[in-house]
Amino acid sequence: MIRSMTAYASAEGAGPSGTLTCELRTVNHRYLEISPRLPEEMRGFESAVRERIAARLSRGKVDVTVRLRSEPGSGEGLRINGSVLSRLSELALDLEQRFPRMHIEFTELLRFPGVLQQPETDADALQGALLDVLDRALSVLGDTRGREGAKLGDMLRDRLDAVDKIVGDVRGWIPEIRAALRARLETRLADIRQPVEPGRMEQELVLQITRIDVDEELDRLATHISEARRVLALKEPVGRRLDFLMQEFNREANTLGSKSVDSRTTNAAVELKVLIEQMREQVQNIE
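Residues numbered from 1 in each chain as written. Predicted model: local features only at pLDDT ≥ 70, side-chain atom pairs only at ≥ 80, totals over all residues. Heavy atoms only, no water.

(A) A look at the packing of helix 7 (residues 239–258) against helix 8 (residues 263–283). Contact geometry of helix 7 with helix 8 gives a least axis separation of 9 Å together with a crossing angle of 165 degrees. Judged on the interaxial angle alone, helix 8 and helix 7 are roughly antiparallel. The way helix 7 lies across helix 8 gives a crossing that is left-handed. Contacts between helix 7 and helix 8 pair Gly239, Leu242, Asp243, Met246, Phe249, Asn250, Ala253, Asn254, Leu256 and Gly257 from the former with Ala269, Leu272, Lys273, Ile276, Met279, Arg280 and Val283 from the latter. By residue class, the composition of the contact of helix 7 with helix 8 is 10 nonpolar, 4 polar and 3 charged. (Axes fitted to C-alpha atoms, helices over the stretch in contact; angles between N-to-C directions. Helix = DSSP H or I, 4+ residues; strand = E, 2+ residues; numbered from the N terminus. Parallel < 35°, antiparallel > 145°, perpendicular 65-115°, else oblique. Left-handed = near helix turned anticlockwise from the far one by under 90°. Contact = heavy atoms within 4.5 Å. Nonpolar A, V, L, I, M, F, W, Y, C, P; charged D, E, K, R; others polar.)

(B) A look at the layout of surface pockets. By volume, the second largest pocket is sized at about 180 Å³. Lining the second largest pocket, in full, are Met5, Asn28, His29, Arg30, Arg59, Gly239, Arg240, Asp243, Phe244, Gln247, Val283 and Gln284. In terms of residue class, the lining of the second largest pocket is made up of 3 nonpolar, 5 polar and 4 charged. (1 Å grid on protein atoms, 1.4 Å probe; cavity = no way out; pocket = protein on both sides within 12 Å on 5 of 7 lines; lining within 4 Å. Points joined across faces, edges and corners; volume = space filled by probe spheres on them.)

(C) Structural view of a nonpolar patch on the surface. Together, Leu91, Leu95 and Phe99 give the surface a local cluster of nonpolar side chains, amounting to about 250 Å² of exposed area. Mapped onto the elements of the fold, Leu91 is located in helix 2 (residues 82–98). (Patch = residues over 30% accessible without salt bridge, like charges linked within 9 Å, V, L, I, M, F, W, Y side chains within 5 Å. Areas by Shrake-Rupley, 256 points an atom, 1.4 Å probe, with all protein chains shown as cover. Salt bridge = Lys/Arg side-chain N within 4 Å of Asp/Glu carboxyl O.)

(D) Expanded view of the pairing of strand 3 (residues 32–37). Looking at chain direction, strand 3 and strand 4 (residues 60–69) are connected through 6 bridges and run parallel. Along strand 4, the bridge assignment pairs Glu33 with Lys61. (Pairing = 2+ DSSP bridges.)

(E) Broad picture of the pattern of salt bridges. This model, assessed by the stated rule, comprises 26 salt bridges. Here Arg3 ties to Glu287 by a salt bridge, and the two come within 2.8 Å at their closest N and O atoms. With Arg3 in the segment before strand 1 (7–15) and Glu287 in the segment after helix 8, this pair connects stretches of sequence that are 284 residues apart. When its relative accessible area of 3% is taken as the criterion, Glu287 is described as buried. Taking the shortest distance from any N to any O, the salt bridge between Arg280 and Glu277 comes out at 2.8 Å. Linking Arg280 with Glu277, this pair stays in helix 8, spanning 3 residues, or about one helical turn. Taken together, the shared-partner salt bridges connect Glu216, Glu217, Arg220, Glu252 and Lys259 into one network. (Buried < 20%, exposed > 50% of the residue type's maximum accessible area, 1.4 Å probe, protein only.)

(F) Broad picture of the environment of Leu131. Tracing the chain through its elements places Leu131 in helix 4 (residues 123–191). Each C-alpha atom, one on Leu131 and one on Val49, is 7.0 Å from the other, the two residues being 82 residues apart in sequence. When neighbours within four sequence positions are excluded, Leu131 is seen to be in contact with Ala48, Val49 and Arg52.

(G) Focus on the sheet that holds strand 1. With mixed pairing, 4 strands are arranged side by side in an open sheet as 1-2-4-3. Each edge of the sheet is formed by a strand with only one pairing partner; in this case those strands are strand 1 and strand 3. Averaged over neighbouring strand pairs, the angle between their axes works out to 15 degrees when direction is ignored. As paired strands, strand 1 and strand 2 (residues 18–27) are joined by 9 bridges and run antiparallel to one another.

Just geometry here; none of it tells us what the structure is for.
See below:
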């Protein structure tokens, strides 16, 4: 199944501390690169998030954003650490004598680490809620990537059909091109006023035909077309294989163009390169 590396998905679910929202954005990348952004209280679950994503995706740059929205009344149970606050008060009185103009807001004290204590949250329950919403977002992402991948697959198959037609056309032109080459060679030799050695024309003809022979290139192109169609039908990620095949396609098209002695095959080589480049651009987005 062809899957695109470019997609977006989100999911939302209830957690022990409020509502969790997970957003996933993926773009094409040579490898799998995961960039998670988690709330402070969930930083310890980053490795679990990475493992869960790596089990579902094989390539692409993945941006993961998780937000936690506290529900009304979730502040119940907050308490102030009296010992820490008392120590801060002693320090403030001491500093006030040195810096009379110093002014400390109550809200600033609450921000000091350890002053405001929240009730302990069940870490296992919080991680379970996080992974649940992540799984649902990954499922949506997989569906989106699959739909986009199906479109890419259809486009690639259309281009492969066009390449296949060009290969067939060139095969049909080869006998005519060889006959024309023989006629030109005979004309040139006829213009020579000196006697031609027996078999000289045949030797020269064989040499010229060898230089322009593209049967191997056409055979390899046909093989690459068959392999690309086979790869497109696989159920596993195929982006790397297709990328390699595009390089092989391009190599044969270049050789075909360099051996051309006929405008038709020259134009065919150019058209092949256009089709191959169109496929190569789209293959970059396939997982």
